[in-house]
Amino acid sequence: MTKKAETTAETPAEDTASEDTNTKETTIEEGAPALTGDERLHQAQRLVRRASVWGFGAGCIPLPLVDLATVTGLQLKMISNLSNLYGIPFRDHTAKNIVAGLLGSILPKTLATGSVGSLLKSVPLFGSALGLLSMPSFSSAATYAIGQVFIKHMESGGTLLDFDVDKMRGYFIAEFEAQKAETTSEPTKVAS
């Protein structure tokens, strides 16, 4: 009976470990050699580029506000993956607050354009076409910029708990504007 209890006690731990290691890119498997700083940075950049491409695709969703919800979900998943890569505990609520704070810094000028792009999709006939002109590049650029901010913060040893939105705001805006200009001029070159 003791043997049976030990087996039962080990099973949930094994199940949890397999759930945590279901994506190779974001998890270092137990017993695998630790990544060097350059390897980790390269992998983090890959995660951000991939999320940015998915953000561009999510911006093409023809349903108003569904695109925004999807992009937000992608951004939180990206932050979770980065946290895992850097060995930092992920807290969904904290990450949502940070993303809201960063996006709020571009609200007066650009977020309104992104939201309008989403809402334009509800206009019959021409709405989807008009929304497709602005929403994909906004979604991609915002996702890319958020990823770059988190990489910079985590590379310096920061965690979600000590993230200072005010200190990172300028960097976020610069990354967002640069990526938006790039995706607007060459949509096929998203997050290169």
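Counting starts from 1 at the beginning of each chain's written sequence and moves along it residue by residue. The model is predicted, so local features are restricted to residues of pLDDT at least 70 and side-chain atom pairs to those at 80 or more, both for listing and for counting; the totals for chains, interfaces and linings are taken over all residues. Side-chain calculation: all heavy atoms of the structure are included, whereas hydrogens and water are not.

**Looking at the overall build of the protein chain**
Working step 1: We count a stretch as a helix when DSSP gives it H or I for four or more residues in a row; a strand needs E for two or more, and each element gets its number in order from the N terminus. From N to C terminus, the protein chain includes seven helices and zero strands.
Working step 2: Order of helices (α) and strands (β) in the protein chain, N terminus to C terminus: α-α-α-α-α-α-α.
Working step 3: Exposure classes here rest on a 1.4 Å probe applied to the protein chains alone. A residue is buried below 20% of its type maximum, exposed above 50%, and partly exposed in between. Buried positions account for 39% of the 192 residues belonging to the protein chain.
Working step 4: Any pair of residues with heavy atoms lying within 4.5 Å of one another is described as a contacting pair. At a minimum sequence separation of 6, the contacts of the protein chain that also span at least 24 residues come to 70%.
Working step 5: Only the protein chains shown count as covering a residue, and every accessible area follows the Shrake-Rupley method with a 1.4 Å probe. Carbon and sulfur atoms make up 61% of the accessible area of the protein chain, which amounts to about 10,600 Å² in all.

**Thoughts on the pattern of salt bridges**
Working step 1: A pair is scored as a salt bridge if a Lys or Arg side-chain nitrogen falls within 4 Å of a carboxyl oxygen belonging to Asp or Glu. On inspection of all chains with the given rule, the structure shows three salt bridges.
Working step 2: A salt bridge links K96 to D92, with the nearest nitrogen and oxygen atoms 3.1 Å apart. Within this pair, K96 and its partner D92 are both found in helix 4 (residues 92–104), separated by four residues, close to a single helical turn.
Working step 3: Taking the relative accessible area as the measure of exposure, K96 reaches 42% and is therefore partly exposed.
Working step 4: Take D92: its relative accessible area is 35%, and that puts it in the partly exposed class.
Working step 5: The closest approach of N and O atoms between D166 and R169, which form a salt bridge, is 2.8 Å.

**With respect to the confidence of the model for the protein chain**
Working step 1: Across the chain, each position has a pLDDT score giving the predictor's confidence in that residue, from 0 to 100. Model confidence for the protein chain is summarised by a mean pLDDT of 75, while 63% of its residues fall at 70 or above.
Working step 2: The element-level mean pLDDT for the protein chain is lowest in helix 1 (residues 2–20), coming to 41, with helix 3 (residues 66–86) highest at 94.
Working step 3: Taken as a whole, residues 1–32 scores under 50 in pLDDT and shows 17 contacts with residues more than four places along the chain or in a different chain.

**Things to note about the side chain of S139**
Working step 1: Note on placement: S139 falls in helix 6 (residues 127–155).
Working step 2: Take S139: its relative accessible area is 0%, and that puts it in the buried class.
Working step 3: Setting aside residues no more than four positions away along its own chain, S139 makes contact with G55, G59, V71 and Q75.

**Brief notes about the packing of aromatic side chains**
Working step 1: Only the six-membered ring of Trp is used, alongside the rings of Phe and Tyr, when aromatic pairs are assigned; centres must lie within 6.5 Å, and planes under 30 degrees apart are stacked while those over 60 apart are edge-to-face, with the rest tilted. For the structure on display, the rule yields three aromatic pairs.
Working step 2: Ring centres of F150 and F163 lie 5.0 Å apart, and the angle between their planes is 25 degrees; on these two criteria the pair is classed as stacked. Pair noted here: F150 is in helix 6 and F163 is in the loop between helix 6 and helix 7 (165–185), with a separation of 13 residues, a long-range link. This pair shows no difference in class: F150 is buried, exactly as F163 is.
Working step 3: One aromatic cluster is present, built from ring pairs that chain together F138, F172 and F176.

**Examining the side chain of S137**
Working step 1: If you trace the backbone, S137 turns up in helix 6.
Working step 2: Residue S137 is classed as buried on the basis of its relative accessible area, which comes to 6%.
Working step 3: Any N or O atom pair separated by 3.5 Å or less is treated as a polar contact, with the protein-specific requirement of one donor-capable and one acceptor-capable atom, and with residues adjacent in sequence counted only for side-chain atom pairs. Among the polar contacts made by the side chain of S137, one reaches the side chain of K180 at a distance of 3.5 Å.

**Description of the environment of G170**
Working step 1: Residue placement: G170 occurs in helix 7.
Working step 2: As for G170 and V149, which are separated by 21 residues in sequence, their C-alpha atoms are 9.9 Å apart.

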